[in-house]
Amino acid sequence: MKVCLDIRSVTPRRTGVGNYVLSLLAAMGRVAPEQQISLLARLDNIKCLDSLPAGEMIHAAFVQESHPMGDVWEHLVLPRALNKRNIDVFHGPAMLVPYKAKAATVVTVHDLVPFTLAETIPGKYAAYMRWHLQKLAAGKARFIAPSRATAEDLREVLGLGQDRVTVIHEAARGEFRPIDDENTLQSARYRYGLDGPFVMFLGNIEPRKNLARLVPAFLKAADQVMPQCKLVITGQKAWLADKLLADIGSLAKDKRLVFTGYLPGEDLPVLLNLALAFAFPSLHEGFGLPALEALACGAPVLAGNAGALPEVVGDDAVLVDPLDIDDIAAGLARLMADEALRYDLAQAGPKHAAAFSWDEAARQTLAVYQRAAEENK
């Protein structure tokens, strides 16, 4: 079975999908080193890999964010490249796959935000992705969902039968773990000027992540319980970020808010270890990997009770209504005030996260490839 995996989301400044692809590819190399995997990539994607799998590189003429020219290339030119190499299965981990390739297609749908929260993303992109996913649903593609919540959305929104959707959970990477090295911890405190307690947020700066409610909720909780506490907002600007920051308005000038921008990957586990708590009251997540990574580091987690987050964090986090500023503030105040609660959550988090495995995700994904290839014969 010859597989082609699209790794164009694996970039030096990658976010959730890129980390998903990188982790999945590495795990496939561990559990099935004999599997031939060709890579749809550009040179900057290849440079991010520690090693190359058995297979060849198919050069991508466009990055994934190139619309509409990249979409035209994917559907008219890419199929010929796949057919020429006799690819049996093409996997689009960022929801993008060609329509007319002879290969079977597998698509990972991380969420259905273009349908369920279209107002939080650019209108033209939402419209294209709605059309694209409906077209895929009408075809023969097999779907991978990172959670039961997303699988249910696929069935309700796109009408997919249960036999076409496989739930494969993601996992925290190995570097997300409790850190005991005091020099490493204190060095990070010094570099980022974090000499006191802080709550951490990790994610793209975009409306769906709900910073417009998190910021006033944090300031309300801090004023009530821990005035010296800071909110460290880690992530790069994404779509509609300027509107989001305008909505926050003058609150963004509060000195207790620390915007770090995009951080090097090696610093994230350290800051999560240092954080008093991790706040992730997202409006919707198809999985919510940052919350699981925080649990793996032993950070007490506050998460929204929408989408897949309750499925991912289970009983080992404080869940709040992401639409209710007062509820978010009450959850944060509880974490700030209750040291025993923070201790219990810190002890439970790494054990909870250990139940999720990239190696198991790789095995399950390869099984989906095999089934897709057999159905396509």
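Scope of this entry: the structure provided in the associated data block. Remember, predicted model here, so these are calculated numbers, not experimental data. (Residues numbered from 1 in each chain as written. Predicted model: local features only at pLDDT ≥ 70, side-chain atom pairs only at ≥ 80, totals over all residues. Heavy atoms only, no water.)

## Quick notes on the overall build of the protein
From N to C terminus, the protein includes 16 helices and 13 strands. For the protein, the C-alpha radius of gyration of 21 Å lies close to 21 Å, the compact-globule estimate for 377 residues. Residue burial in the protein is summarised as follows: out of 377 residues, 55% are buried. At a minimum sequence separation of 6, the contacts of the protein that also span at least 24 residues come to 68%. As displayed, the protein offers around 16200 Å² of accessible surface, 51% of which is attributable to carbon and sulfur atoms. Taking the average place of the 40 positive charges on the side chains of the protein and the average place of its 44 negative ones, the gap between the two points comes to 8 Å. (Helix = DSSP H or I, 4+ residues; strand = E, 2+ residues; numbered from the N terminus. Rg over C-alpha atoms; globule rule 2.2 N^0.38 Å. Buried < 20%, exposed > 50% of the residue type's maximum accessible area, 1.4 Å probe, protein only. Contact = heavy atoms within 4.5 Å. Areas by Shrake-Rupley, 256 points an atom, 1.4 Å probe, with all protein chains shown as cover. Lys, Arg positive; Asp, Glu negative; His and termini not counted. Charge placed at Lys NZ, Arg CZ, Asp CG, Glu CD.)

## Here we look at the packing of helix α1 (residues 16–31) against helix α16 (residues 358–376)
At a closest axis distance of 8 Å, the pairing of α1 and α16 adopts a crossing angle of 85°. Put simply, α1 runs roughly perpendicular to α16. Each of Tyr-20, Ser-23, Leu-24, Ala-27, Met-28, Arg-30 and Val-31 in α1 lies in contact with α16, whose residues at this interface are Trp-358, Asp-359, Ala-361, Ala-362, Arg-363, Thr-365, Leu-366 and Tyr-369. A per-class count over the contact of α1 with α16 returns 10 nonpolar, two polar and three charged. (Axes fitted to C-alpha atoms, helices over the stretch in contact; angles between N-to-C directions. Parallel < 35°, antiparallel > 145°, perpendicular 65-115°, else oblique. Nonpolar A, V, L, I, M, F, W, Y, C, P; charged D, E, K, R; others polar.)

## Quick word on the pattern of salt bridges
Between side chains of opposite charge, a pair can form when the charged atoms approach closely. Per the counting criterion, the structure on display carries 19 salt bridges. Notably, a salt bridge pairs Lys-209 with Glu-285, separated by 2.7 Å at the nearest N-O pair. Residue Lys-209 is located in the loop between β8 (198–202) and α9 (211–225), and its partner Glu-285 is located in the loop between β11 (277–280) and α12 (289–297); the two are separated by 76 residues in the primary sequence. Overall, Lys-209 belongs to the buried group, its relative accessible area being 8%. Judged by its relative accessible area of 7%, Glu-285 is buried. The salt bridge involving Asp-254 is made with Arg-256; its shortest N-O contact spans 3.1 Å. Given the relative accessible area of 24%, Asp-254 is considered partly exposed. Judged by its relative accessible area of 16%, Arg-256 is buried. (Salt bridge = Lys/Arg side-chain N within 4 Å of Asp/Glu carboxyl O.)

## Here we look at the sheet that holds strand β2 (residues 36–41)
Reading across from one edge, β3-β2-β1-β4-β5-β6-β7 is the order of the seven strands in this open sheet, with parallel pairing throughout. The two strands at the open ends of the sheet, each matched to only one other strand, are β3 (57–59) and β7 (165–167). Geometrically, the sheet is characterised by an average inter-axis angle of 20° between neighbouring strands, direction not taken into account. (Pairing = 2+ DSSP bridges.)

## A look at the side chain of Arg-256
For Arg-256, the location among the structural elements is in the loop between α10 (241–248) and β10 (257–261). If sequence neighbours within four positions are ignored, Arg-256 has contacts with Phe-218, Leu-219, Ala-222, Asp-223, Pro-227, Cys-229, Lys-230 and Leu-231.

## What about unusual backbone geometry?
Of note, the amide linkage connecting His-67 to Pro-68 takes the cis form, showing an omega dihedral of 5°. Notably, Met-95 is not glycine yet its phi reads approximately 75°, a positive angle. Inspection of the secondary structure assignment puts Met-95 in the loop between β4 (89–92) and β5 (104–108). Despite not being glycine, Asn-210 has its phi angle at roughly 75°, a positive value.

## Some details on the packing of aromatic side chains
Under the definition given, this model contains six aromatic pairs. When the centroid spacing of 6.0 Å and the interplanar angle of 40° are considered together, the rings of Tyr-128 and Trp-131 count as tilted. Of this pair, Tyr-128 and Trp-131 both sit in helix α6 (residues 123–138), three residues apart, which is roughly one turn of that helix. Since its relative accessible area comes to 46%, Trp-131 is described here as partly exposed. Considering the side-chain rings of Phe-287 and Phe-356, the 6.2 Å spacing of their centres and the 80° angle between planes classify their relative orientation as edge-to-face. Taken together, the residues Phe-287 in the loop between β11 and α12 and Phe-356 in the loop between α15 (339–353) and α16 connect sequence positions 69 residues apart. Each member of the pair Phe-287 and Phe-356 is classed as buried. Among the aromatic residues, those joined into a cluster by ring pairs are Tyr-99, Tyr-128 and Trp-131. The ring of Tyr-99 has Lys-135 sitting right over it, with the charged end atom 5.1 Å from the ring centre. (Phe/Tyr/Trp six-rings, centres within 6.5 Å; stacked < 30°, edge-to-face > 60°. Lys NZ or Arg CZ within 6 Å of the ring centre and 35° of its normal.)

## So, the pairing of β8
The buried count for β8 comes to five of five residues, which makes it a mostly enclosed element. Residues of β8 alternate between two faces, with Phe-198, Met-200 and Leu-202 on one and Val-199 and Phe-201 on the opposite face, all of them buried. Relative to strand β9 (residues 230–234), β8 runs parallel, the two sharing five bridges. When the sheet's bridge partners are listed, Met-200 is paired in β9 with Val-232. Since β8 and β9 lie parallel, the crossover through α9 that links them has a hand, and here it is right-handed. Examined bridge by bridge, β8 and β11 share two bridges and lie parallel to one another. Bridge pairing in β11 places Met-200 opposite Phe-278. (Right-handed = clockwise from strand over helix to strand, strands pointing away.)

Geometric descriptors of this kind do not, in isolation, establish any biological role.
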